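# Results of the structural survey
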Amino acid sequence: MNEYKEYSDIYRGGASILIAGVLLNGKTVDIFISADGKIEDLSENTRTVHRSDAEFIIDASGKIALPGLVNTHTHAAMTLLRGYADDMHLHEWLTEKIWPLEAHLTGEDVYWGTKLACLEMIKSGTVAFNDMYFFMEDAARAVDETGMKAVLSHGFIDFGNEEKRDSEIASTKKLISYIKSMNNPRIKGAVGPHAPYTVSKDALEWCSAYSEEEDIKLHIHLSETEKEVNDCINEHAMRPAELLDKCNCLSSRTIAAHCCWLDEKECRILGKKGVHVSHNPASNMKLAVNRAMPYQWLKDAGANVTLGTDGCSSNNNLDLSEEMKTAALLQKFYWNSDTLLPAGETLAMATSAGKKALGFGNGRIEQGEAADIILIDRNCACMTPLHNPVSNVVYSCNGNAVNTVICDGRVLMSEREVPGEEEILSRAEMVAESLVGRAKEE
Ligand SMILES: [Zn+2]
């Protein structure tokens, strides 16, 4: 019937899978995934129909099925900078540590840094992410090999310099045409104007027009700190979201990270334009931005609020499960409301809302959807007792409770094993050491 003989072949994809006896939304069900990676059948007796034609059967008794998690703001290859500089003032952190090191980055570094990020994300249940960095063709190669889904953008920074603008435009176009040539439906290109304070108005206008013309996402940082809001008002006599709106940068193609310092009027603009917001609570707390993203205002305005980790130098991990807890706690603490951002809404931020933002489907486990499914072990301390699985997932567990990860029907992790893990760890360690060495030689 098939060429799949060994269980290790499950990692190759392109095979039908029956997930038998899994707990989904409080019910024990079977899920049949067709060879093309879609959820074909889902019911209490799917196994009676599909047991014989499934190429693999996953015994999921004792497991909980959840949609794969979606990280809507990362700089994946910054895994190489994990733990390199902590506990510093934001400005010194950037100018003395992060930027000087990044000046020595190579494509090979970004390739292994992204591989490490993908490994870490897979091990904690993430199937898709939205990434902005440099050497993104190398990042795209890494993502392609891991089997994850990603939206990738070149971090566009011109500081008002015309020559730099032209080279950033060229880099952006080159990335988009490279991604098109990959012809991988799991990988999409995006335009990535870094932020309103690092990108000129002319360049912002180019980015918005290019995003519309190519029908690709626009990934940007917005109002992370109070200083950038004040600087924007001084320079442009308007707040950052108003400036972006003026440059046509706000639409349903836009994913805006941080958004900590938005006022109510700006939230209404984002809602009206159908913008997707990426909440990055751990990074915001670590860099002491002194304000939490106004979740309630954005929700009331109808903006799609999602969840992201930001890069590993300001988090310092890519575990979205931890990020869910941090988000739910930060919102309650900062806005002084013990009912704000309950567990169910937090999980939706990390799943269906993230999927919608990245344009990869509705992020739910249902017939016809892409099979992006994670299985969580319920036989562990953080899942016991099981009064409320969603509460345990958001408040009690971290990514280590994830046992199996399936993306587009391809198993990326089974029983916590990810193929190639050892090589990724050793190569990433090597390139990170060499990068720090090169920066020291200066
Ligand atoms: Zn960022």
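Residues numbered from 1 in each chain as written. Predicted model: local features only at pLDDT ≥ 70, side-chain atom pairs only at ≥ 80, totals over all residues.

### Re the overall build of the protein chain
For clarity, the threshold we go by: Numbered from the N terminus, helices here are DSSP runs of H or I no shorter than four residues, and strands are runs of E no shorter than two. As defined in this context, the radius of gyration uses C-alpha atoms, and a globule is described by 2.2 Å times the residue total to the power 0.38. The exposure label follows from counting other C-beta atoms within 10 Å of a residue's C-beta, where the C-beta atoms are placed from the backbone and the thresholds are 20 or more for buried and 12 or fewer for exposed, leaving partly exposed in between. The contact criterion used is a C-beta to C-beta distance within 7 Å, with each C-beta placed from the backbone.
Of regular secondary structure, the protein chain possesses 16 helices and 16 strands. By the compact-globule yardstick of 22 Å for 442 residues, the protein chain fits well, its C-alpha radius of gyration being 21 Å. In terms of overall dimensions, the protein chain has a C-alpha envelope of 65 × 50 × 40 Å along the principal axes. A burial count over the protein chain gives 54% of its 442 residues as buried. A sequence separation of at least 24 residues applies to 73% of the contacts in the protein chain between residues at least 6 apart.

### Re the domain arrangement of the protein chain
Inclusion rule: The start and end points of each domain follow an automatic or database-based domain assignment.
For the protein chain, the assigned domains are domain 1 (7-66 + 367-417) and domain 2 (69-358). Elements supplying a minimum of two residues to the side of domain 1 that touches domain 2: α15 (389-396), β15 (402-407) and β16 (410-413).

### Quick word on the sheet that holds strand β7 (residues 126-133)
Defined as follows: Strand pairing follows a simple DSSP-based rule, namely that at least 2 bridges must link the two strands. Fitting a line to C-alpha atoms yields each axis, with helices limited to the stretch in contact; the angle taken between N-to-C directions then spans 0 to 180 degrees.
Pairing within the open sheet is parallel, and its 8 strands lie in the order β6-β7-β8-β9-β10-β11-β12-β13. Each edge of the open sheet carries a strand with a single partner, namely β6 (69-74) and β13 (304-307). For this sheet, the mean inter-axis angle between neighbouring strands, taken without regard to orientation, is 25°. Pairing of strand β11 (residues 254-258) with strand β12 (residues 276-279) involves 3 bridges; the strand directions are parallel. Across the sheet, residue I255 finds its bridge partner in β12, namely H276. Strand contacts of helix α4 (residues 136-146): β7, β8 (149-156) and β9 (187-193), with the helix running at about 170° to β8, the strand carrying the most contacts. Helix α13 (residues 343-350) contacts β6, β12 and β13 of the sheet and is inclined by roughly 80° relative to β13.

### Observations concerning the pairing of β12
What counts here: Every crossover in which the path from the first strand over the helix to the second runs clockwise, viewed with the strands pointing away from the viewer, is termed right-handed.
Burial along β12 is two-sided: H276 and S278 facing one way and V277 and H279 facing the other are all buried. Of the crossover connections in this fold, the one passing from β11 over helix α9 (residues 264-273) to the parallel β12 is right-handed.

### A word on α13
Note the threshold: When we speak of the arc, we mean the arc of directions from the helix axis to the C-beta atoms.
Among the residues of α13, those classed as buried are T346, L347, M349 and A350. All buried residues of α13 fall inside an arc of 155° around its axis, so they share one side. Buried residues belonging to α13 abut β6, β12, β13, α12 (320-334), α14 (352-358) and α15.

### Observations concerning unusual backbone geometry
Following N315, the chain continues into N316 via a peptide bond in cis, with omega recorded as 5°. Among the secondary structure elements, N316 is positioned in the loop between β13 and α12. Cis geometry is adopted by the peptide bond preceding P385, which originates at T384 and carries an omega value of -5°. Tracing the backbone through its elements, the reader meets P385 in the loop between β14 (373-377) and α15. The residue N183 is not glycine, and still its phi comes out positive at about 50°. Judged by the 7 C-beta atoms lying within 10 Å of it, N183 falls in the exposed class. One non-glycine residue with positive phi stands out, namely D408, at about 50°. Following the sequence through the fold, D408 ends up in the loop between β15 and β16.

### Details of α9
Among the residues making up α9, those that are buried are E266, C267, L270 and K273. Projected down its long axis, α9 carries its buried residues within an arc of 135°, all on one side. In α9, the exposed residues that point more than 90 degrees away from the buried face are E264 and K265. In this structure, the buried residues of α9 make contact with α8 (240-246), β12 and α11 (295-301). Two residues or fewer past α9, G274 is found with a positive phi of approximately 70°.

### Observations concerning the packing of α12 against α15
Any two packed helices are characterised by the angle at which their axes cross and by the distance between the axes. Applicable threshold: The cut-offs work like this: below 35 degrees is roughly parallel, past 145 is roughly antiparallel, 65 to 115 is roughly perpendicular, and the gaps in between are oblique. We call Asp, Glu, Lys and Arg charged. Ala, Val, Leu, Ile, Met, Phe, Trp, Tyr, Cys and Pro are nonpolar, and the rest, Gly among them, are polar.
Running from N to C, α12 and α15 point in directions that differ by 90°, and their axes come no closer than 7 Å. Comparing the axis directions of α12 and α15 gives the class roughly perpendicular. Within the contact between the two elements, α12 uses S321, M324, K325 and A328 and α15 uses V393, V394 and Y395. In terms of residue class, the contact of α12 with α15 is made up of 5 nonpolar, 1 polar and 1 charged.

### Side note on the nonpolar core
Where we set the bar: Any nonpolar core is a set of buried residues, restricted to Ala, Val, Leu, Ile, Met, Phe, Trp, Tyr and Cys, that join up through C-beta atoms within 7 Å.
In this structure, I31, A65, A139 and M148 are the most contacted members of the largest nonpolar core, which totals 139 residues. The leading source of residues in this core is helix α3 (residues 107-123), at 9 residues.

### Some words on the environment of S251
Secondary-structure assignment places S251 in the loop between α8 and β11. For the pair S251 and L270, spaced 19 residues apart in the sequence, the C-alpha separation amounts to 8.0 Å.

### Considerations on the pairing of strand β1 (residues 17-24)
Along β1, 7 of the 8 residues are buried, which leaves the element largely enclosed by surrounding structure. Sheet topology places β1 next to strand β4 (residues 56-59); 4 bridges connect them, and they run parallel. Bridge pairing in β4 places A20 opposite D59. Sheet topology places β1 next to strand β2 (residues 27-33); 6 bridges connect them, and they run antiparallel. Paired with L24 across the bridge in β2 is K27. Counting the residues in the hairpin turn of β1 and β2 gives 2 residues, including N25, whose phi is positive at 50°.

### With respect to the packing of α4 against helix α5 (residues 162-182)
Note the threshold: By convention the crossing between two helices is left-handed if the near helix lies anticlockwise of the far one by an angle smaller than a right angle, and right-handed if it lies clockwise.
Remark: α4 packs on α5, axes separated minimally by 10 Å, with the N-to-C direction vectors making an angle of 25°. The orientation of α4 with respect to α5, classified from their angle, is roughly parallel. For the pair α4 and α5, the crossing hand works out as right-handed. Residues M136, E137, A140 and D144 of α4 touch α5, and the partners they reach there are L175, Y178, I179 and M182.

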